[in-house]
Structure formats: structure tokens, C-alpha cells
Amino acid sequence: MILNKTQLHELKGLLEKTRGEIEAELQELKKSLDFGDDVDSFDEETNEAEEFSNYLSVKKVLDRRTQRIDRALSKITDGTYGTCETCSKEILFSFFKKNPDSRLCVDCKKKGREEE
Ligand SMILES: [Zn+2]
């Protein structure tokens, strides 16, 4: 593996920090949803429905990011972190610093093989 212990530790910290931020964001999002029983106008009901579908789409994105981070963290644990899942090439630390949850190397990303 191209990453040394210090680098791995740094990336792990980054991943855990981001994960915490996402969780906090989700909590905030939940709190901002106000589903009172006092729906007294049609407009309000419409807004709430809109807010809720908004919430769901944001939640979906955040959930996916959490999954990617968890996956990266478990790869660090089992020692498979640091290589591209498509071409098995080693991923550079400088690239990981920007995308710690990346599963692909720069080249594969450029080829447009977007991560699912
Ligand atoms: Zn690759």
C-alpha cells in the first residue's frame, strides 16, 4: 500500500469528521421539519409536503455519502483501502485528501466511471 500509517490515520480522521458532520446535518434537517397538527390552510399543507419531499431527497444524498464513508472506513480496517476498485492501481494520498471516500483512482474517475 502506498499510504503510510500517518497518512492513513489522517484520512481516517477526515472520514470520521465528515461522517459526524453529515449526521449533524441530518439532525438539523429533521428538526427544521415542522409537522404540527395545526394545518389550517391548504397552502401550509402544500408547503409541508414540499418540505418533506425536499427533506427526503437531501436525506437520500446524505445517506449515500454516509454509506460511502462507512465503506471507506471498513476498507481501512480490513487493509484494502488505498487501491482503485476498477483498475487496482494505488490511489495517491493527494487525491485521497480531497476525496477520502473515493473508490476509484483519478484516471478511472476521469474516464467517467462514476461511482454508484
Ligand atoms: Zn483506477
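Refer to the structure presented above.
Quick notes on the rules
Residues numbered from 1 in each chain as written. Predicted model: local features only at pLDDT ≥ 70, side-chain atom pairs only at ≥ 80, totals over all residues. Heavy atoms only, no water. Helix = DSSP H or I, 4+ residues; strand = E, 2+ residues; numbered from the N terminus. Contact = heavy atoms within 4.5 Å. Areas by Shrake-Rupley, 256 points an atom, 1.4 Å probe, with all protein chains shown as cover. Buried < 20%, exposed > 50% of the residue type's maximum accessible area, 1.4 Å probe, protein only. Polar contact = N/O pair within 3.5 Å; in protein donor to acceptor, adjacent residues only side chain to side chain. Core = buried A, V, L, I, M, F, W, Y, C linked by side-chain atoms within 4.5 Å.

### Notes on the overall build of the protein chain
Of regular secondary structure, the protein chain possesses four helices and zero strands. The contacts of the protein chain with a sequence gap of at least 6 include a subset with a gap of at least 24, amounting to 50%. Counting only carbon and sulfur atoms, one obtains 51% of the accessible surface of the protein chain, whose full area is about 7900 Å².

### Quick notes on unusual backbone geometry
For residues other than glycine, phi is negative in most cases, and the peptide bonds are mostly trans. The backbone phi angle of Ser88 is positive, close to 65°, even though this residue is not glycine. Here Ser88 falls in the exposed class, since its relative accessible area comes to 55%.

### Points about the side chain of Asp101
Summarising the element assignment, Asp101 is placed in the loop between α3 (93-98) and α4 (106-110). At 3.2 Å, the side chain of Asp101 and the side chain of Arg68 are in polar contact.

### Looking at the nonpolar core
Ranked by internal contacts, the top residues of the largest apolar core, which has 20 residues, are Leu3, Leu11, Leu15, Tyr81, Cys84, Ile91 and Phe96. Mapped onto this core, the elements with two or more residues apiece are α1 (5-32), α2 (42-78) and α3. In this view, Cys84 contacts Lys89, Ile91, Arg103, Leu104, Cys105 and Cys108; residues no more than four positions away in its chain are not counted.

### Concerning the environment of Ile76
Inspection of the secondary structure assignment puts Ile76 in helix α2. Ile76 sits in the buried class, given a relative accessible area of 13%. In the structure, Ile76 is positioned 67 residues away from His9 in sequence and 9.3 Å away in space, judged by C-alpha atoms. Not counting residues up to four positions away in its chain, the partners in contact with Ile76 are Leu8, Lys12, Leu15 and Tyr81.

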